[in-house]
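Structure at a glance
Each chain, letter by letter, is given below.
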Amino acid sequence: MRSQSGEEPAGFLQPSDSEVQGWMDRAFHMAKDALENGEVPVGCLMVFKAEIVGKGRNEVNETKNATRHAEMVALDQVLEWCHLRERDVKEVFKHTVLYVTVEPCIMCAAALRLLNIPLVVYGCKNDRFGGCGSVLDISSDDLPHTGTYFKCISGHRAEEAVEMLKMFYKQENPNAPKPKVRKDSISPAGGSIVPMIQAASDDKDGAKTALSD
Amino acid sequence: MEPDPKRRKGMEYDSWDVVPVLSDEQSQDLKLLDAYAAPIMEKRETSRLVKELATSFPLPDLQHIKRVRACKDKNTSHPLEVIVCLASDVPDQECKGRTGPTLSDLLCSQTFDPRGLGEPFLVQIPASAPLTRPQFERASKHWPTSFHEDKQITSALKGQLFSSSEKAKMQEHMMEAIEAARSGHTLGMDAVGAVVVDPQTGQRLAVAHDCRRGTHPLHHAVMVCVDLVAASQGGGAYQYEKYPACRYYVPDPQVTTSHMDVSALESHSTSDKAKENGQSYICTGYDLYVTREPCVMCAMALVHSRINRVFYGAATADGALGSRYKIHCQKDLNHHFEVYKGVMPQACEELLDSK
Ligand SMILES: [Zn+2]
Ligand SMILES: [Zn+2]
């Protein structure tokens, strides 16, 4: 983590550990629901002052738009929430936390920066597309024209998040050879998910080991 | 608004060069390694010496290096020189306090017959294989290397990849993006425009301008364009009725490949295969023209959408296709694409300044 990550934007209250746990449980519940319905098992919610203001699920297939990741959908809901309540969008985003079961991709990480989201809590790493340190570190790189950096808390129930994605592959493509995936990281794509082949490793804190296929 | 924008300076397609945005590996100077070479004094010993050196000092990571070179100076007594070993192969104490190791220093730990080999001298050799002709030419000044030339990159670097009729087509597409940027600007938007084209048919599929100051803070021109392409295929997530300049075209099946523009033959054979395999993503095989270099979000959206090529006019400070990142050739990502900059740069840079 950069030294930047110590400071928080004015007025932003970092959630307590038990709050983080509670919201992540909700996100995991969403992911499980999605899995049971044959959808990409990624749970994602946006919380503004102890209220859920956006929830997202991957909508790539129905929109044919490969950018409709759960995070982007959830961000749209926050905009809608602000619109209906005539709240100042910028003010709300500045105090909104994203809870998501998988590390946001490079695109979503940039979108979160552009909207000045201060904090992202995620489960497992995303070795293929991750924008919070796995492929690039969009969350904390110095990008003066791309919103503001955000802080990340990672590793929450990471193995479980990977397990769900592995199960999703199996039901998507039952004939595919069983992928060996790291326990704490996974590679969700947009509409079609391509598993990474990787020997299982035991590090639990989501180390940034490079994958090779 | 000028009465006839096409007559303004810098609008003629022979006034600009399309510049390929290559990876760092392709554009940086090759790293050099210190090595010891020695003259081969007796030519008939050459093949034996090379064989023995390859056993004693194998250079497994330097397959591109030619072990023997012809002497540049035709007047020397020895016509050939050979790499003995890397400087890093020589233990430190050998060189201390002297001008350099002698041949027997280098060979001391080897059962090696030095017959025919002269005293060693220090050279620098390229640490990796050259990927482009300029790299090859610079590398060759140090030591001969092999080079598997990518002809397309060579001609792109010379500005000869695209014919003048292809550049005329490019200019048409970029003009459309510029027009869109201007329409958006009159509505209070940032002056950025983008166009998606199917290079196989020359048909325009979507045209968009930036809408971030309007309905949605993430509606950068590229994001809008990607969504409009999805809409042209029966999908799409948003409506843009407030912005009539943002529009899509349903491809006309009557238009065949005979109208092909901007040499897309080769790239298309792969995308056709992908489409047959049912792996089609919305922008597979398509080209994007955008007035300025996309940001990280937009660049990654193009990776997710499997764009074929991107052409842009002006660079941007946090730009993700050359300036700050090179997402199009980022290692670990599952889709890479070609990027060219410098298409109508003057007109595109003028847009950057419009307030
Ligand atoms: Zn994403
Ligand atoms: Zn953008």
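Conventions we followed
Residues numbered from 1 in each chain as written. Chains lettered and ligands numbered in written order. Predicted model: local features only at pLDDT ≥ 70, side-chain atom pairs only at ≥ 80, totals over all residues. Heavy atoms only, no water. UniProt positions renumbered as here; feature names shortened; annotations may be inferred. Helix = DSSP H or I, 4+ residues; strand = E, 2+ residues; numbered from the N terminus. Contact = heavy atoms within 4.5 Å. Areas by Shrake-Rupley, 256 points an atom, 1.4 Å probe, with all protein chains shown as cover. Buried area = accessible area lost by both parts, 1.4 Å probe. Polar contact = N/O pair within 3.5 Å; in protein donor to acceptor, adjacent residues only side chain to side chain. Nonpolar A, V, L, I, M, F, W, Y, C, P; charged D, E, K, R; others polar. Donors = N, O, S within 2.8 Å, 3.2 Å for Na, K, Ca; no water. Buried < 20%, exposed > 50% of the residue type's maximum accessible area, 1.4 Å probe, protein only. Pairing = 2+ DSSP bridges. Axes fitted to C-alpha atoms, helices over the stretch in contact; angles between N-to-C directions. Salt bridge = Lys/Arg side-chain N within 4 Å of Asp/Glu carboxyl O. Expected span 1.5 Å × (residues − 1). pLDDT = per-residue confidence, 0-100. Disulfide = S-S within 2.5 Å.

The name an unreviewed UniProt entry gives chain B is Adenosine deaminase tRNA specific 3, with Astyanax mexicanus as the organism. Of chain B, the UniProt comment under Sequence similarities (unreviewed entry) reads exactly: "Belongs to the cytidine and deoxycytidylate deaminase family. ADAT3 subfamily." UniProt lists a comment for chain B under the heading Cofactor (unreviewed entry), and it reads "Zn(2+)".

Per an unreviewed UniProt entry, chain A goes by the name tRNA-specific adenosine deaminase 2 and belongs to Astyanax mexicanus. As stated in UniProt under Catalytic activity (unreviewed entry), the record for chain A gives "adenosine(34) in tRNA + H2O + H(+) = inosine(34) in tRNA + NH4(+)".

**Here we look at the overall build of chain B**
Per the secondary structure count, chain B includes 10 helices and 11 strands. Residue pairs in contact within chain B that sit at least 24 positions apart in sequence constitute 68% of those at least 6 positions apart. Summed over its atoms, the accessible surface of chain B is roughly 17,000 Å², and 50% of this surface lies on carbon and sulfur atoms.

**Considerations on the interface of chain A and chain B**
The parts lose accessible area when they come together, and the size of an interface is often stated as this lost area. Facing 31 residues of chain A, the contacting portion of chain B comprises 31 residues. Summed over both sides, the interface between chain A and chain B buries roughly 2,600 Å², with carbon and sulfur atoms accounting for 66% of that surface. Where chain A touches chain B, the interface holds 10 residue pairs in polar contact (both at pLDDT 80 or more). The residue inventory of the side of chain A that touches chain B, partitioned by class, reads 17 nonpolar, seven polar and seven charged.

**Focus: the coordination of the zinc ion (ligand 1)**
Each pair of donors in an ideal four-coordinate tetrahedral metal site encloses 109.5 degrees, whereas pairs in an ideal six-coordinate octahedral site enclose 90 or 180 degrees. Residue and element names in this part refer to chain A. Distances from the zinc ion (ligand 1) to its protein donors, namely His 69 (ND1), Cys 105 (SG) and Cys 108 (SG), fall within the range 2.1 to 2.3 Å. With a relative accessible area of 8%, His 69 lands in the buried category. On the basis of relative accessibility, which here comes to 4%, the residue Cys 105 falls in the buried class.

**Focus on the sheet that holds strand β4 (residues 80–86) of chain B**
Residues and elements named next belong to chain B. One open sheet holds the four strands; their spatial order is β3-β4-β2-β5, and the pairing between them is antiparallel. Both edges of this open sheet fall to β3 (68–70) and β5 (121–126), since each of them pairs with a single strand only. Going across the sheet, the axis of each strand differs from the next one's by a mean of 45°, ignoring polarity. In this structure, strand β2 (residues 32–40) lies alongside β4, joined through six bridges in antiparallel fashion. Across the sheet, Ala 37 pairs through a bridge with Ile 83, a residue of β4. Lying over the sheet, helix α2 (residues 46–56) contacts β2, β3 and β4, oriented at roughly 10° with respect to β4.

**Describing the sheet that holds strand β6 (residues 193–198) of chain B**
By way of backbone hydrogen bonds, the strands of a sheet pair with one another, either parallel or antiparallel. Residues and elements named next belong to chain B. With mixed pairing, seven strands are arranged side by side in an open sheet as β1-β11-β10-β9-β6-β7-β8. Among the strands making up the open sheet, the edge pair consists of β1 (19–20) and β8 (247–248). Of the pairings in the sheet, the one linking strand β9 (residues 287–292) to strand β10 (residues 309–314) comprises five bridges and is parallel in character. Each residue of the ladder has a partner; that of Tyr 289, found in β10, is Phe 311. Together, β6, β7 (203–209), β8, β9 and β10 form the strand contacts of helix α6 (residues 164–186), whose direction differs from that of β7 by roughly 30°. The strands that helix α7 (residues 221–232) touches are β6, β7, β8 and β9; relative to β7, the one it contacts most, it runs at about 140°.

**Quick look at the coordination of the zinc ion (ligand 2)**
Residue and element names in this part refer to chain B. Taken together, His 220 (ND1), Cys 295 (SG) and Cys 298 (SG) make up the full set of protein donors to the zinc ion (ligand 2), lying 2.0 to 2.3 Å away. Between consecutive donor residues of the zinc ion (ligand 2), the sequence gaps follow H-x74-C-x2-C. In this pair, His 220 sits in the loop between β7 and α7 while Cys 295 sits in the loop between β9 and α9 (296–304), placing the two residues 75 residues apart along the sequence.

**Remarks on the pattern of salt bridges**
All names here are of chain B. For the structure shown, the criterion picks out 28 salt bridges over all chains. Arg 212 serves as the salt-bridge partner of Asp 190, at 3.8 Å between the closest nitrogen and oxygen. Here the residue Asp 190 occupies a position in the loop between α6 and β6, and Arg 212 occupies one in the loop between β7 and α7, the gap between them amounting to 22 residues. Judged by relative accessible area, which is 24%, Arg 212 ranks as partly exposed. Each of Glu 42, Arg 44, Glu 45, Arg 48, Glu 52, Asp 113 and Arg 115 takes part in salt bridges that share partners, so that together they form one network.

**Comments concerning α7 of chain B**
Residues and elements named next belong to chain B. Over its 12 residues, α7 runs 16 Å from end to end, which matches the ideal 16 Å to within 8%, given 1.5 Å per residue. With 12 of its 12 residues buried, α7 lies for the most part within the structure. By the burial criterion, the buried members of α7 are Ala 221, Val 222, Met 223, Val 224, Cys 225, Val 226, Asp 227, Leu 228, Val 229, Ala 230, Ala 231 and Ser 232. Of the residues trailing α7, Gly 234 is marked for its positive phi of about 90°.

**As for helix α6 (residues 158–172) of chain A**
Under the 1.5 Å per step criterion, the end-to-end length of α6 of chain A is 21 Å for 15 residues, consistent within 8% with the ideal 21 Å. Those residues of α6 of chain A not exposed but buried are Ala 158, Ala 161, Val 162, Met 164, Leu 165, Lys 166, Phe 168 and Tyr 169 of chain A.

**Focus on the environment of Met 164 of chain A**
Residue and element names in this part refer to chain A. Relative to the assigned elements, Met 164 resides in helix α6. Expressed as a C-alpha distance, the spacing of Met 164 and Val 42, which sit 122 residues apart in the sequence, is 8.7 Å. Here Met 164 is in contact with Phe 28, Ala 31, Lys 32, Leu 35 and Pro 41, once residues within four sequence places are set aside.

**Some words on unusual backbone geometry**
Even without a glycine there, the phi angle at Glu 86 of chain A is positive, about 55°. Mapped onto the elements, Glu 86 of chain A comes out in the loop between α3 (70–85) and α4 (89–93).

**Examining the side chain of Asp 198 of chain B**
All names here are of chain B. Considering the arrangement of structural elements, one finds Asp 198 in strand β6. For Asp 198, a relative accessible area of 11% gives the class buried. At 2.9 Å, the side chain of Asp 198 forms a polar contact with the backbone nitrogen of Gln 200.

**Things to note about the confidence of the model for chain B**
All names here are of chain B. The predicted model of chain B averages 88 in pLDDT, with 87% of residues at 70 or higher. Note that residues 265–271 has pLDDT below 50 and, in this model, eight contacts with residues that lie over four places away or in other chains. Within the model, the stretch residues 273–279 combines pLDDT values under 50 with six contacts to residues more than four positions away or in other chains. The ipTM value of the predicted complex is 0.85, and its pTM value is 0.84.

**Topic: the state of the cysteines**
All names here are of chain B. A complete count under the given rule lists zero disulfides over all chains for this structure. No disulfide involves Cys 225; its sulfur sits 8.0 Å from the nearest other cysteine sulfur, which is in Cys 283. When its relative accessible area of 0% is taken as the criterion, Cys 225 is described as buried. With a relative accessible area of 0%, Cys 283 lands in the buried category.

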